[in-house]
Amino acid sequence: MHFNKMSIYQIYPRSFYDSNGDGVGDLAGITAKLDYLKELGIDMIWITPFFLSPQRDNGYDVADYYQIDPLFGTMADFEELLAKGKALGIEFMLDMVFNHTSTEHAWFQSALAGDEAKQAYYIFRDGAEIPTNWLSKFGGSAWQYVSHLDKHYLHLFDVTQADLNWKNEAVRQELIKVINYWIDKGVMGFRFDVINLIDKGDFIDDNHGDGRKYYTDGVRVNDYLTELNKLSFGKNPTMVTVGEMSSTTIEAAVGYSARLENRLRMIFNFHHLKVDYEAGEKWSVKQFSLVELKKILFDWQLGVQAGDGWQALFWSNHDQPRVVSRFGASDPAYRVISAKMLANAMYLLRGTPFIYQGEEIGLPNASFMDIHQYRDVETHNYYQILREKGLVHDAVMKILAVKSRDHGRTPMPWSGGDAHAGFSTTEPWLGLIEAYRDINVEDALQDNNSIFYHYKELIAMRKAYSIISEGEIIPHLMEHSQLMVYERRLFPQRLLVITNFSKNNVALDLSTVALEEFLFGDMLLHNYTYSVVQNSTLHLRPYESLCFALI
Ligand code: TEU
């Protein structure tokens, strides 16, 4: 299937389904739930890292790219998952963390033991003085001193995640070998973690910023990706690849994903998910503005379209708070309707949908009250940093309550009647959402009107209508503070999406924007049962969302 018709489902295995009663989800747990995913209609599953790892960053700290962490099962479990998925028409995408390895990886251990060839796999600098002012994304300096070597090594993330040296050809060869190993097993997709950070530039210390501009979208990233493509996944044109891009630009994103460049199929960018950052700072509380959100989304839609690039469409992942709490309404009166509205707004855009586990049943954020309920390394680091900056405990907890990555990581509630929500037979590794008795898979499957079936319909529509998978994107009413309105065109077809992001009734006279002919079109998707129209005016109710087609 062409990647523009696909919908990909992201699984964070430790929180999906626990098959062996240790409180942590596993690969056999995914196999057990394949029928559920088949029912939803997705085409590919992206599984976040399950390779051998000390789990300091929940698997994004890989100690061996060829082995499965016993926490998640065995190679036999993975092979069974792959085979059973394929039999259902579901393919798999693995998460390649190639910017860094765990410091427990054999390469890094040899480097520490003095092996110079392995030291050249990483980014070591001589001397006790901190080489540059670069900051780790998880807080503090990005350099760690190793006294017995009298050297510093670079870690853009946790101190246990040492950055690899892509300038070293031996490193690139090793990583290509890893991809080919998994391709040989039958894996059909790869997600590349922070792949635009792999070229570290020239280590200039500007003494002002945090180093970001020296290691983001470096000049050699394109060449590295071209090489990777040519020597591994590029040999099979049906392979699906997505690069996770940290703070990238539209121009760079086009270079990474444009059809003729032969690098990656598509990219993730996060600019639209920074719309609730105060002055660019994640650890802050800010009400988002729809006008700003639209500006970011449509600048990217138009820019990437103009360059013939391709984007992943997503609202959430394992690093993000839950979308319904963030951009919709998590109170019971509006949770379902706003979750459906958000799905329409995002997944009818130009790109490939990535649906994150639990989003299809409208999971809200966790309601942790105690710092000890959080597990994430970044959350704990920032708790300390914010306290040291002078914020009192309660103020920090308020920020964590909307920003912690753990909101996206709470275990899937499979049923409401069970003490552990049917996720496990024992206490899960991270607390459940409070409302799991009302919000769970079992109930969603029994209710024809649930968010689940709305997602199912959206996924099926993308396959059925080329205008959704291929059409041109045209935004409307960019300055409207409550509505998101856009059109897709694939001559002579036209599709119009109108979504009300607010709790208020909003009237829109379609004749003022020359869109009234859509009122004679087909209603392809709606989150209410009927629409209210007077002459050419649509009277939209709270979070109402419709999709009209002239086909
Ligand atoms: O995240 C990369 C990334 O851009 C981080 O800045 C991330 O958004 C972070 O959560 C900021 O708050 C990827 C993975 O998705 C993440 O889980 C890993 O922790 C990280 O890389 C390091 O491998």
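What you see is a predicted model; the values in this text were computed from it and never measured. (Residues numbered from 1 in each chain as written. Predicted model: local features only at pLDDT ≥ 70, side-chain atom pairs only at ≥ 80, totals over all residues. Heavy atoms only, no water.)

Okay, the environment of Gln55 next. With respect to the helices and strands, the residue Gln55 is situated in the loop between strand S3 (51–52) and strand S4 (64–68). For the pair Gln55 and His271, spaced 216 residues apart in the sequence, the C-alpha separation amounts to 28 Å. With residues near it in sequence (within four places) discarded, Gln55 still touches Arg14, Asp61, Asp69, Leu71 and Phe72. There is a polar contact of 2.7 Å between the side chain of Gln55 and the side chain of Arg14. (Helix = DSSP H or I, 4+ residues; strand = E, 2+ residues; numbered from the N terminus. Contact = heavy atoms within 4.5 Å. Polar contact = N/O pair within 3.5 Å; in protein donor to acceptor, adjacent residues only side chain to side chain.)

Attention shifts here to the site of the ligand. Looking at the ligand, there are 16 residues lining it, with Asp57, Asp193, Lys282, Asp319 and Glu378 nearest. Within the side chain of His318, one N or O atom sits 2.9 Å away from an oxygen atom of the ligand. Out of a free accessible area of 490 Å², the ligand has 92% covered by protein chains. Partitioned by chemical class, the residues of the shell around the ligand number four nonpolar, three polar and nine charged. (Near = heavy atom within 4 Å. Areas by Shrake-Rupley, 256 points an atom, 1.4 Å probe, with all protein chains shown as cover. Nonpolar A, V, L, I, M, F, W, Y, C, P; charged D, E, K, R; others polar.)

Below, the discussion takes up the packing of aromatic side chains. What the rule picks out here adds up to 40 aromatic pairs. Here the aromatic rings of Tyr66 and Tyr181 are separated by 5.0 Å at their centres, their planes lie at 85°, and the arrangement is edge-to-face. Taken together, the residues span a long stretch of sequence, with Tyr66 in strand S4 and Tyr181 in helix H6 (residues 169–185) at a distance of 115 residues. A residue is classified by how much of its surface remains accessible, and Tyr66, at 26% relative accessible area, is partly exposed. Judged by its relative accessible area of 28%, Tyr181 falls in the partly exposed class. Among the aromatic side chains, those forming a connected cluster through ring pairs are Tyr9, Phe16, Tyr17, Tyr36, Trp414, Phe452 and Tyr453. Stacked on the ring of Tyr17, the Lys or Arg Lys33 has its end atom at 4.4 Å from the ring centre. Seen from the ring of Trp414, Lys33 lies directly overhead, with NZ or CZ sitting 4.2 Å from the centre. (Phe/Tyr/Trp six-rings, centres within 6.5 Å; stacked < 30°, edge-to-face > 60°. Buried < 20%, exposed > 50% of the residue type's maximum accessible area, 1.4 Å probe, protein only. Lys NZ or Arg CZ within 6 Å of the ring centre and 35° of its normal.)

The subject of this paragraph is the pattern of salt bridges. Under the defined criterion, the tally for this structure stands at 30 salt bridges. Among the ionic pairs, Glu544 bridges to Arg541, the shortest N-O distance being 3.1 Å. Each member of the pair, Glu544 as well as Arg541, is classed as buried. Linked through salt bridges whose partners overlap, the residues forming this network are Asp57, Lys282, Asp319, Asp376, Glu378, Arg405 and Arg409. (Salt bridge = Lys/Arg side-chain N within 4 Å of Asp/Glu carboxyl O.)

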